[in-house]
Amino acid sequence: MLMPKKQKYRKVRKGTNEGVATRGQYIAFGDYALQSQANNDITSRQIEASRQAMTRHIKRGGKIWIRIFPHIPRTRKPQDVKMGSGKGNPEFFVAKVKAGTVLFEMKGVDESVAREAMRLASHKLPVKTKFITREQA
């Protein structure tokens, strides 16, 4: 799973995730891409599940780029703990994704294979997504 090597702060506040992407909204490496259509947090587990689904479908052919990285820690309090007594411990990491962000890119496979692989990957994600090609972008 993806996680940062080190962080400046162990716990961070949630913050907001509004608006559309102004960075990372274009195809930079591959020919086909999966673009998010909504704002949400994507966990490192969801990113890994999507990557595995795509890799399995293309049978290790072609190349896949992951354009998002989970930098932000999310905390959880243990089960059956009363309210108060501070913030919980960091449990997992998320990537904040805005509408229009390119999540994954793919190259070296046929468009129909790429489309199906991205479709399988999109089922693992909590955001609505769209398949785009370099010509569309």
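Look up: the structure comes first, before these words.
About the thresholds
- Residues numbered from 1 in each chain as written.
- Predicted model: local features only at pLDDT ≥ 70, side-chain atom pairs only at ≥ 80, totals over all residues.
- Heavy atoms only, no water.
- Phe/Tyr/Trp six-rings, centres within 6.5 Å; stacked < 30°, edge-to-face > 60°.
- Helix = DSSP H or I, 4+ residues; strand = E, 2+ residues; numbered from the N terminus.
- Buried < 20%, exposed > 50% of the residue type's maximum accessible area, 1.4 Å probe, protein only.
- Lys NZ or Arg CZ within 6 Å of the ring centre and 35° of its normal.
- Pairing = 2+ DSSP bridges.
- Axes fitted to C-alpha atoms, helices over the stretch in contact; angles between N-to-C directions.

(A) Spotlight on the packing of aromatic side chains. Under the definition given, this model contains two aromatic pairs. Between F29 and W65, the ring centres sit 5.7 Å apart and the planes meet at 15 degrees, which makes this aromatic pair stacked. On the criterion of sequence distance, the pair formed by F29 in the segment before strand 1 (32-36) and W65 in strand 3 (residues 63-66) is long-range, its members being 36 residues apart. Looking at F29, the relative accessible area reads 42%, which means it is partly exposed. For the ring pair Y32 and F131, a centre distance of 5.8 Å and an interplane angle of 20 degrees mean the geometry is stacked. Of this pair, Y32 sits in strand 1 while F131 is found in strand 7 (residues 129-133), placing the two residues 99 residues apart along the sequence. Summarising the burial analysis for this pair, Y32 and F131 share the class buried. The cationic tip of K63 hangs over the ring face of W65; the distance from NZ or CZ to the ring centre is 5.1 Å. The aromatic ring of Y26 is capped on one face by R67, whose charged end is 5.4 Å from the ring centroid.

(B) Highlighting the sheet that holds strand 6 (residues 102-107). The strand order 3-6-1-7 describes an open sheet built from four strands, whose pairing is antiparallel. Both edges of this open sheet fall to strand 3 and strand 7, since each of them pairs with a single strand only. Shown here is a sheet whose adjacent strand axes are inclined to one another by a mean of 20 degrees, direction ignored. Sheet topology note: the strand 1/strand 6 ladder contains four bridges and is antiparallel. Bridge assignment links A33 to a residue of strand 6, and that residue is E105.

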